[in-house]
Amino acid sequence: MLNALYDKVLPQLMSRFREREEIVKMEVFSAFKDLMRQSQGRSADVGDAMEEDGADASAGAGHPISKLLDVEKVMKSVQKQLKDKSFKTKERCLELLRELILVLDGG
């Protein structure tokens, strides 16, 4: 279920980072951050499930959530938003990056 959620919801949320309305943009950042926060506790469960399927848990980026989350696309999207003049947008981007670091255990 987590795979389906990441496949369907994350691309939609990342495409909405470019919203013109600041209030909508803040809500999108909050939703993205909340989704990552909810998956943080489940990262061990995802790793166990992958090991049971015979997949190597150390393959790829080295963290089960990073296999579900395309970190490079997230970083590119956030980097574009950091160029925005709005202080609130920059603040939310940094909060999102902080949450990403926490989810990836510093990775």
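Residues numbered from 1 in each chain as written. Predicted model: local features only at pLDDT ≥ 70, side-chain atom pairs only at ≥ 80, totals over all residues. Heavy atoms only, no water.

## A look at the pattern of salt bridges
Here is step 1 of the chain: Enumeration over the complete set of coordinates arrives at six salt bridges.
Here is step 2 of the chain: Residue Lys25 is joined to Asp84 by a salt bridge in which the shortest nitrogen-to-oxygen separation is 3.0 Å. Of this pair, Lys25 sits in helix H2 (residues 22-40) while Asp84 sits in the loop between helix H5 (71-82) and helix H6 (87-103); the two residues are 59 residues apart in sequence, bridging distant segments of the chain.
Here is step 3 of the chain: Here Arg92 ties to Glu95 by a salt bridge, and the two come within 3.8 Å at their closest N and O atoms. (Salt bridge = Lys/Arg side-chain N within 4 Å of Asp/Glu carboxyl O. Helix = DSSP H or I, 4+ residues; strand = E, 2+ residues; numbered from the N terminus.)

## Section: a positive patch on the surface
Here is step 1 of the chain: Together, Arg18, Lys76, Lys80 and Lys83 give the surface a local cluster of positive charge.
Here is step 2 of the chain: By secondary structure assignment, the location of Arg18 is in the loop between helix H1 (2-15) and H2. (Patch = residues over 30% accessible without salt bridge, like charges linked within 9 Å, V, L, I, M, F, W, Y side chains within 5 Å. Areas by Shrake-Rupley, 256 points an atom, 1.4 Å probe, with all protein chains shown as cover. Lys, Arg positive; Asp, Glu negative; His and termini not counted. Charge placed at Lys NZ, Arg CZ, Asp CG, Glu CD.)

## Quick look at the nonpolar core
Here is step 1 of the chain: Counting 22 residues, the largest nonpolar core has Phe17, Phe32, Met36, Leu69, Val74, Val78 and Leu96 as the members making the most contacts within it.
Here is step 2 of the chain: Listed by contribution, the elements that provide at least two residues to this core are H1, H2, H5 and H6.
Here is step 3 of the chain: With six residues, the top contributor of residues to this core is H2. (Core = buried A, V, L, I, M, F, W, Y, C linked by side-chain atoms within 4.5 Å. Buried < 20%, exposed > 50% of the residue type's maximum accessible area, 1.4 Å probe, protein only.)

## Structural notes on the packing of aromatic side chains
Here is step 1 of the chain: Per the stated rule, a full pass over the model turns up two aromatic pairs.
Here is step 2 of the chain: Measuring from ring centre to ring centre gives 5.5 Å for Phe17 and Phe32, while their planes differ by 70°; the resulting arrangement is edge-to-face. Remark: Phe32 occurs in helix H2 and Phe17 occurs in the loop between H1 and H2; sequence separation between them is 15 residues. Of the two residues, Phe17 and Phe32, both sit in the buried class. (Phe/Tyr/Trp six-rings, centres within 6.5 Å; stacked < 30°, edge-to-face > 60°.)

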